[in-house]
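The lines below spell out each chain.
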Amino acid sequence: MCLVPGEVEGAHVRLELVHPAGAKRAVLGNQVFDYAVGQFLVVTLDLPLTSSITVASAAEPFLGLSMPLDPAIIAELLIEADLPAQAAPPGPALSVSDATAELIDAVVRLLPLAGTPHDQRILSPAVKREIHWRLLTGPQGGLVRQVGVAGSRIALVGRAIAWIRAHYDEPVRVDDLAAKVGLSVSSLNRNFRAATAMSPLQYQKQIRLQQARLRLLANPADVAGTGHAVGYTSASQFSREYRRLFGAPPGRDAAQLQNAGRTPD
């Protein structure tokens with residue numbers, strides 16, 4: 001049962017590990033990423049994901065850890081361990097893998113520290129550093145390493161994404177965006193699509209529509225005002241593109257999400 005249908009993920013470069021119960025699905029465009037107990041999702045760019053919990057119950061609720069990845073820690077580990085440089089792996093800037101026993105052990109040691117502030121302040125930095133190391137040396141090490149390298153494809157696309165996020169409700173010209181991040185238009189388009197599975201303008205559209213969905217959850221009746229607030233000048237275009245992405249018109253979709261959130265498992 002989907003307990004949180006169509007939940008828009010926050011902006012995180014992160015590790016998300018499911019343990020010891022439940023399963024989750026993340027959707028990027030038309031690509032689906034399922035992960036369950038003993039698996040983890042790594043996201044190395046601020047991607048417009050839509051997620052839902054797919055396995056959970058009152059007896060075994062969904063449990064997991066979501067932890068931001070720190071580029072500074074990754075860079076320090078790369079230098080200290082003298083790890084060889086790796087090209088960015090093909091595909092988007094996220095992936096699902098089975099967690100190693102060492103990674104799960106580090107996560108399990110981190111969780112109890114949240115309840116003891118003094119221990120957390122002293123001990124959690126070392127455990128978080130270990131988690132970063134396990135990721136760097138694990139099956140997604142090539143993807144994670146890109147986060148700590150300033151000139152990597154991930155870092156350059158990340159700069160473009162940050163600008164789009166900050167100006168999502170404004171018109172975006174790709175040649176201006178390319179100039180801001182120091183790339184040619186063709187290089188920006190190629191790297192952006194490789195990392196996010198969409199073009200910069202498609203990314204902006206996803207962000208606009210996801211922001212609209214969040215606004216409509218608070219006020220499902222104000223469809224026209226919401227469309228205008230996220231950058232649409234045409235109400236019909238807003239409704240059409242919203243329905244194409246979420247499967248229902250804006251007002252009906254928001255009402256369905258509100259009702260689903262009030263329905264117990």
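Colleague: How do you make sense of the nonpolar core when you look at a structure like this?
Modeller: L45, L94, L188 and F192 are the most contacted members of the largest nonpolar core, which has 40 residues in total. Elements with a minimum of two residues in this core: β3 (23-28), β4 (31-36), β5 (39-43), α5 (153-166), α6 (174-181), α7 (185-196), α8 (200-218) and α10 (235-246). With six residues, the single largest contributor to this core is α5. Apart from the residues within four sequence positions on either side, F192 is in contact with V157, A160, I161, I164, A197, M198, S199, P200 and Y203. In this structure, L15, L17, L69 and V144 belong to the second largest nonpolar core, which totals 25 residues.

Colleague: Just checking my understanding: could you explain the sheet that holds β5 for this structure?
Modeller: The pairing of strands in a sheet comes from backbone hydrogen bonds and takes either a parallel or an antiparallel form. Here we have four strands laid out as an open sheet, ordered β7-β2-β5-β8, and antiparallel in their pairing. Of all the strands in the sheet, just β7 (64-68) and β8 (94-98) have a single pairing partner and so form its edges. Across the sheet, the mean angle from the axis of one strand to that of its neighbour is 15°, orientation sign disregarded. In this sheet, β5 lies alongside strand β2 (residues 14-18) in antiparallel orientation, the contact comprising four bridges. Counterpart to E16 in the pairing with β5 is L41. Most of the contacts of helix α3 (residues 117-136) go to β7, to which it runs at about 95°, and overall it touches β2, β5 and β7.

Colleague: Even after reading the chapter, I still don't get the packing of α8 against α10, so can you show me in this structure?
Modeller: Angle between the axes and distance between the axes are the two parameters that describe a pair of packed helices. Where α8 meets α10, the axes come as close as 10 Å, and the angle between the chain directions of the two elements is 90°. The orientation of α8 with respect to α10, classified from their angle, is roughly perpendicular. Contacts from K205, Q206, L209, Q210, A212, R213 and L216 in α8 reach F238, E241, Y242, L245 and F246 in α10. Its residues assigned to classes, the contact of α8 with α10 shows seven nonpolar, two polar and three charged.

Colleague: Would you take a moment to explain unusual backbone geometry for this structure?
Modeller: In terms of backbone geometry, most residues other than glycine have negative phi values and most peptide bonds are trans. Looking along the chain, the bond that leaves H19 and enters P20 is cis, with omega of 5°. Mapped onto the elements, P20 comes out in the loop between β2 and β3. Positive phi outside glycine occurs at D82, with the angle close to 50°. Position of D82 relative to the elements: it lies in the loop between α1 (71-81) and β8. Even without glycine at this site, A197 takes up a positive phi of about 65°. With respect to the helices and strands, the residue A197 is situated in the loop between α7 and α8. Classification of A197 by relative accessible area gives partly exposed; the value is 32%.

Cut-offs applied
- Residues numbered from 1 in each chain as written.
- Predicted model: local features only at pLDDT ≥ 70, side-chain atom pairs only at ≥ 80, totals over all residues.
- Heavy atoms only, no water.
- Core = buried A, V, L, I, M, F, W, Y, C linked by side-chain atoms within 4.5 Å.
- Buried < 20%, exposed > 50% of the residue type's maximum accessible area, 1.4 Å probe, protein only.
- Helix = DSSP H or I, 4+ residues; strand = E, 2+ residues; numbered from the N terminus.
- Contact = heavy atoms within 4.5 Å.
- Pairing = 2+ DSSP bridges.
- Axes fitted to C-alpha atoms, helices over the stretch in contact; angles between N-to-C directions.
- Parallel < 35°, antiparallel > 145°, perpendicular 65-115°, else oblique.
- Nonpolar A, V, L, I, M, F, W, Y, C, P; charged D, E, K, R; others polar.

Read these as geometric descriptors, not functional statements.
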